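Structure at a glance
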Amino acid sequence: LEPFPPLWFGEFSGIVAFAEGRYAEALAGIEAVPLPAWDIMYALACYGLMGEKLKAQATLSRLKEAGRSPDWALGISREPYSDPAIRDRLTEGVRKALAF
């Protein structure tokens, strides 16, 4: 009902879309937030799973320029999924993005 939803609304709707396997839709919410902290791994996972090499590399470059070096395994391990398949896709997508 909020005509101007807060930025976190896009982030959380993007994470829900990721969990449902709708990666392009997930990116629409996640990419709208400038260099998000904890959920940037979802953008990387989407890029990896969609084969978006240039976008993954650009995101990693932005992180490096900002002096950030996240522990991806730790971040993924903290996501509260009861379905291990979602965590596995998140892990696989990030792994692919880092390998580009």
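Since the model is a prediction, treat every value here as computed from it, not as a measurement. (Residues numbered from 1 in each chain as written. Predicted model: local features only at pLDDT ≥ 70, side-chain atom pairs only at ≥ 80, totals over all residues. Heavy atoms only, no water.)

Across its full length, the chain holds 6 helices and 0 strands. Starting at the N terminus and walking to the C terminus, you meet the elements of the chain as α-α-α-α-α-α. What you see for the chain is a C-alpha radius of gyration of 13 Å, in line with the 13 Å of a compact globule of 100 residues. With the C-alpha coordinates of the chain rotated into their principal frame, the extents come out at 40 × 30 × 25 Å. (Helix = DSSP H or I, 4+ residues; strand = E, 2+ residues; numbered from the N terminus. Rg over C-alpha atoms; globule rule 2.2 N^0.38 Å.)

To continue, consider the side chain of Thr59. The topology assignment puts Thr59 in helix α4 (residues 53-65). The exposure class of Thr59 is buried, given its relative accessible area of 4%. (Buried < 20%, exposed > 50% of the residue type's maximum accessible area, 1.4 Å probe, protein only.)

Our next topic: the packing of helix α3 (residues 40-50) against helix α6 (residues 84-99). Packing of α3 against α6 brings their axes to within 7 Å, and their N-to-C directions diverge by 75°. It follows from the interaxial angle that α3 and α6 lie roughly perpendicular. Of the residues in α6, those in contact with Met41, Tyr42, Leu44, Ala45, Gly48 and Leu49 of α3 are Arg89, Leu90, Glu92, Gly93, Val94, Lys96 and Ala97. Here the residues of the contact of α3 with α6 sort into 8 nonpolar, 2 polar and 3 charged. (Axes fitted to C-alpha atoms, helices over the stretch in contact; angles between N-to-C directions. Parallel < 35°, antiparallel > 145°, perpendicular 65-115°, else oblique. Contact = heavy atoms within 4.5 Å. Nonpolar A, V, L, I, M, F, W, Y, C, P; charged D, E, K, R; others polar.)

Another aspect to go through is the confidence of the model for the chain. Here the chain averages 90 in pLDDT, while 95% of its residues score no lower than 70. Within the chain, no element has a lower average pLDDT than helix α1 (residues 7-19), which sits at 88, and none a higher one than α6, at 97. (pLDDT = per-residue confidence, 0-100.)

Time to look at the environment of Gly10. If you trace the backbone, Gly10 turns up in helix α1. Gly10 sits in the buried class, given a relative accessible area of 16%. Remark: the alpha-carbon pair of Gly10 and Ala32, spanning 22 residues in sequence, is separated by 7.3 Å. Residues in contact with Gly10, not counting those within four places in the same chain, are Gly29 and Ile30.

On to the environment of Glu52. On the secondary structure map, Glu52 appears in the loop between α3 and α4. Of the residues examined, Glu52 reaches a relative accessible area of 30% and is grouped as partly exposed. Sequence spacing of Glu52 and Ala24 is 28 residues, and the spatial spacing of their C-alpha atoms is 11 Å. Not counting the four nearest positions on each side in its chain, Glu52 is found in contact with Tyr47 and Phe100.

For the structure shown, the criterion picks out 2 aromatic pairs. Between the aromatic rings of Phe18 and Tyr23, the centroid separation amounts to 5.3 Å while the plane-to-plane angle is 55°, which identifies the pairing as tilted. For the pair shown, Phe18 and Tyr23 are each scored as buried. A centroid spacing of 5.3 Å and a plane angle of 80° characterise the contact between Phe18 and Tyr42, whose relative ring orientation is edge-to-face. On the criterion of sequence distance, the pair formed by Phe18 in helix α1 and Tyr42 in helix α3 is long-range, its members being 24 residues apart. Comparing Phe18 with Tyr42, the two get one shared label, buried. (Phe/Tyr/Trp six-rings, centres within 6.5 Å; stacked < 30°, edge-to-face > 60°.)

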